[in-house]
Amino acid sequence: MHFDSLSDFLAMGGYAGYVWSAFGITFAAMITLLWVSVRRGRRLLSEVQAKVDRQARIDAAKNLENTL
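One structure accompanies this document, and this report is about it. (Residues numbered from 1 in each chain as written. Predicted model: local features only at pLDDT ≥ 70, side-chain atom pairs only at ≥ 80, totals over all residues. Heavy atoms only, no water.)

## Quick notes on the packing of aromatic side chains
Aromatic rings in a pair are described by how distant their centres are and how their planes are angled relative to each other. Per the stated rule, a full pass over the model turns up 2 aromatic pairs. Judged by centre distance (5.8 Å) and plane angle (75°), the ring pair of phenylalanine 9 and tryptophan 20 falls under edge-to-face. Taken as a pair, phenylalanine 9 in helix H1 (residues 6-11) and tryptophan 20 in helix H2 (residues 16-67) lie far apart in primary sequence, 11 residues in all. Residue phenylalanine 9 is classed as partly exposed on the basis of its relative accessible area of 33%. Measuring from centroid to centroid gives 5.5 Å for tryptophan 20 and phenylalanine 23, while their planes differ by 35°, and the two rings are tilted. Of this pair, tryptophan 20 and phenylalanine 23 both sit in helix H2, 3 residues apart, which is roughly one turn of that helix. Overall, phenylalanine 23 belongs to the exposed group, its relative accessible area being 52%. Among the aromatic residues, those joined into a ring-pair cluster are Phe9, Trp20 and Phe23. If you follow arginine 39 out to its NZ or CZ, it ends over the ring of tryptophan 35, 4.8 Å from the centre. (Phe/Tyr/Trp six-rings, centres within 6.5 Å; stacked < 30°, edge-to-face > 60°. Helix = DSSP H or I, 4+ residues; strand = E, 2+ residues; numbered from the N terminus. Buried < 20%, exposed > 50% of the residue type's maximum accessible area, 1.4 Å probe, protein only. Lys NZ or Arg CZ within 6 Å of the ring centre and 35° of its normal.)

Here's what the structure looks like:
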C-alpha cells in the first residue's frame, strides 16, 4: 500500500484505531508471553538445582553411613 505522507500512514486510510490497537495488543501479548516464559524458566532452573542439591546431600549421607 502506498501512502503520500507520514500522517496518511498513521491514519491508515481511516482505520488507524483498529490497525494501531491491533499492533498494540499483539505487542503487549508478545511482551507478556516473553516475561512469563522467562519467569517460569528461572523458577524451573531453581527447582532443578534444589533437587540436584538435595540428591547430593542424600548421596553424601549414604556414603557417610557406609563408613561407620
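## Describing the environment of leucine 64
Structurally, leucine 64 can be placed in helix H2. For the pair leucine 64 and valine 38, spaced 26 residues apart in the sequence, the C-alpha separation amounts to 39 Å.

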